[in-house]
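One letter stands for each residue in the lines below.
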Amino acid sequence: MRETPEKEDIGCTGKVHGWCGFGNIEEGIVRPQNIVSRTSTDPQIKESACGGCEPALDQREHHQPNKEAADDRERQRPRSHQRKHQQFISQSLPDLVPDPYYIQASTYVQRAQLYSLRCAAEENCLSRSAYRPGISDLSYRVLLRFPQRVKNQGTADFLPVKPRHAWEWHSCHQHYHSMDAFSNYDLLDATTQRKVAEGHKASFCLEDTMCDPGFRRRYACTAHTQGLGPGCYDTYNANIDCQWIDITDVSPGNYILKVTVNPNFQVPESDFTNNVVRCELTYSGSYVSTRNCRVTSF
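Residues numbered from 1 in each chain as written. Predicted model: local features only at pLDDT ≥ 70, side-chain atom pairs only at ≥ 80, totals over all residues. Heavy atoms only, no water.

Concerning the overall build of the protein
Part 1 of the argument: For the protein, the count of helices and strands is three helices and 14 strands.
Part 2 of the argument: Every one of the 298 residues in the protein was classed for burial, and the buried ones make up 40%.
Part 3 of the argument: Within the protein, counting contacts between residues at least 6 apart in sequence, those at least 24 apart form 65% of the total.
Part 4 of the argument: Summed over its atoms, the accessible surface of the protein is roughly 17900 Å², and 50% of this surface lies on carbon and sulfur atoms. (Helix = DSSP H or I, 4+ residues; strand = E, 2+ residues; numbered from the N terminus. Buried < 20%, exposed > 50% of the residue type's maximum accessible area, 1.4 Å probe, protein only. Contact = heavy atoms within 4.5 Å. Areas by Shrake-Rupley, 256 points an atom, 1.4 Å probe, with all protein chains shown as cover.)

Focus on the pairing of strand E3 (residues 140-145)
Consecutive residues of a regular strand have side chains that alternate between opposite faces of the sheet.
Part 1 of the argument: Most of E3 sits out of view: five of its six residues are buried.
Part 2 of the argument: Of the strand pairs in this sheet, strand E2 (residues 108-113) and E3 are connected by six bridges, and their pairing is antiparallel. By the bridge assignment, Arg-111 is partnered in E3 with Val-142.
Part 3 of the argument: One ladder, built from three bridges, connects E3 with strand E11 (residues 244-246); its direction is antiparallel. Across the sheet, Leu-143 pairs through a bridge with Asp-246, a residue of E11. (Pairing = 2+ DSSP bridges.)

A word on the state of the cysteines
Such a bond, covalent and formed between the sulfur atoms of two cysteines, is termed a disulfide.
Part 1 of the argument: Counted under the stated rule, the structure contains three disulfides.
Part 2 of the argument: Two residues share a disulfide in this structure: Cys-279 and Cys-293, whose sulfurs sit 2.0 Å from each other. Linking Cys-279 and Cys-293, the disulfide has an S-S dihedral of approximately 120° and is accordingly described as right-handed. In this pair, Cys-279 sits in strand E13 (residues 276-283) while Cys-293 sits in strand E14 (residues 288-296), placing the two residues 14 residues apart along the sequence. Taken individually, Cys-279 and Cys-293 each receive the classification buried, so the pair is uniform in this respect. (Disulfide = S-S within 2.5 Å.)

Focus: the sheet that holds E2
Part 1 of the argument: An order of E2-E3-E11 is seen for the three strands of this open sheet, with the pairing classed as antiparallel. Only two strands of the sheet have a single neighbouring strand rather than two, namely E2 and E11. Averaged over all pairs of adjacent strands, the angle between their axes in this sheet comes to 35°, without regard to strand direction. (Axes fitted to C-alpha atoms, helices over the stretch in contact; angles between N-to-C directions.)

Re the environment of Phe-158
Part 1 of the argument: Mapped onto the elements, Phe-158 comes out in the loop between strand E4 (148-152) and strand E5 (168-170).
Part 2 of the argument: Judged by its relative accessible area of 0%, Phe-158 falls in the buried class.
Part 3 of the argument: Expressed as a C-alpha distance, the spacing of Phe-158 and Glu-207, which sit 49 residues apart in the sequence, is 9.8 Å.
Part 4 of the argument: Excluding anything up to four places from it in sequence, Phe-158 contacts Pro-94, Leu-96, Asn-152, Met-179, Phe-182, Leu-206, Gly-227, Leu-228, Asn-262, Val-267 and Glu-269.

Overview of the packing of aromatic side chains
Part 1 of the argument: Under the definition given, this model contains four aromatic pairs.
Part 2 of the argument: The interplanar angle of 45° and the centroid separation of 6.2 Å between the aromatic rings of Phe-182 and Tyr-236 together place this pair among those described as tilted. Taken together, the residues span a long stretch of sequence, with Phe-182 in the loop between strand E6 (175-177) and strand E7 (183-189) and Tyr-236 in strand E10 (residues 232-236) at a distance of 54 residues. Side by side, Phe-182 and Tyr-236 carry an identical accessibility label, which is buried.
Part 3 of the argument: It is Arg-111 that lies over the ring of Tyr-140; its NZ or CZ is 4.5 Å from the centre. (Phe/Tyr/Trp six-rings, centres within 6.5 Å; stacked < 30°, edge-to-face > 60°. Lys NZ or Arg CZ within 6 Å of the ring centre and 35° of its normal.)

Quick word on the confidence of the model for the protein
Part 1 of the argument: With 68% of its residues at a pLDDT of at least 70, the protein reaches an overall mean of 78.
Part 2 of the argument: Across residues 1-65 the pLDDT falls below 50, and counting only partners more than four positions away or on other chains, this stretch makes 58 contacts in the model.
Part 3 of the argument: Low pLDDT, under 50, characterises residues 80-88; the predicted model gives this stretch zero contacts beyond four residues in sequence or across chains. (pLDDT = per-residue confidence, 0-100.)

Thoughts on the nonpolar core
Part 1 of the argument: With 20 residues, the main nonpolar core has Leu-144, Leu-187, Ile-245, Ile-247, Leu-257 and Tyr-283 as its most contacted residues.
Part 2 of the argument: Going through the elements one at a time, E3, E7, strand E12 (253-261), E13 and E14 are the ones with two or more residues in this core.
Part 3 of the argument: Ignoring sequence-local partners within four residues, the contact set of Leu-187 consists of Leu-144, Arg-194, Lys-195, Val-196, Ala-197, Ile-245, Ile-247, Val-250, Tyr-255, Ile-256, Leu-257 and Leu-281.
Part 4 of the argument: With twelve residues, the next largest nonpolar core counts Met-179, Phe-182, Tyr-236 and Val-267 among its residues. (Core = buried A, V, L, I, M, F, W, Y, C linked by side-chain atoms within 4.5 Å.)

Regarding the pattern of salt bridges
Part 1 of the argument: All told, the structure shown has eight salt bridges when counted by the stated rule.
Part 2 of the argument: Between Asp-186 and Lys-195 there is a salt bridge; the shortest N-O distance is 3.7 Å.
Part 3 of the argument: The class of Lys-195 is partly exposed, set by a relative accessible area of 43%. (Salt bridge = Lys/Arg side-chain N within 4 Å of Asp/Glu carboxyl O.)

Quick notes on the environment of Glu-269
Part 1 of the argument: Within the secondary structure layout, Glu-269 lies in the loop between E12 and E13.
Part 2 of the argument: Its relative accessible area of 7% is what places Glu-269 among the buried residues.
Part 3 of the argument: Distance in space between the C-alpha atoms of Glu-269 and Thr-155 is 9.9 Å, their sequence separation being 114 residues.
Part 4 of the argument: When sequence neighbours within four positions are dropped, the list of residues in contact with Glu-269 reads Leu-93, Pro-94, Asp-95, Leu-96, Phe-158, Asn-262 and Asn-275.
Part 5 of the argument: Here the side chain of Glu-269 touches Asn-262 through a polar contact of 2.8 Å, side chain to side chain. (Polar contact = N/O pair within 3.5 Å; in protein donor to acceptor, adjacent residues only side chain to side chain.)

This is the structure we're talking about:
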């Protein structure tokens, strides 16, 4: 025995009239009936067909379901749900943005002897020529130094992918590296865009250096926690180790300084189109001039 539907079928006439080919539902018993043929001589039901949800014949003209409209609504429903889901996700992710003006304001060239760069050499912050046999500790390296300030303008913490027990301890600098690379620094030829020098910045210590009003610092190196909270900045001064590109082997000319944060997309963000700063740079052989620094998507 089939159970009688308790609710009315609002998709037809607002009242259950019966199932085509079966008895009256309100009787509680389904009894097969003769299905009306399309060749019936009754003018009221001629050319009618069983649709599974039949309105009364006298109301059919005014309540004919619009199948195409219904299909459109069904197709739109999952897309709407998907958009809401995407919006929810995007509202709970970090969003790192490097500061182009901070880089442009304090870029300079430094000549340093190799013996003073031993810790940086251990972390592969120098160009390949610095590791060749026969290189003396008294030899000079030419470093393109610049500061960096990165803001998390998202709505969630930016946290290292590696768990704390997997962080790498560097005894020379006395700090942990929580990411393989927090930033990449590249020097490109201004004409060909070919990379002529590179440096990389492992996360020296990812922390809330300062925050906007209304936000609180929650990550600090001294507390052995690493991360970057919403509304906060992680700042690296130009005078710390590895905050440079080794340009010892670079000839004078025009170049592009490219700084990329979260370069390997290891940490999900709501927007990856604002992770790069590009600056126009002219190197004379002894000093540099930097201009037109801007955030780009590549």
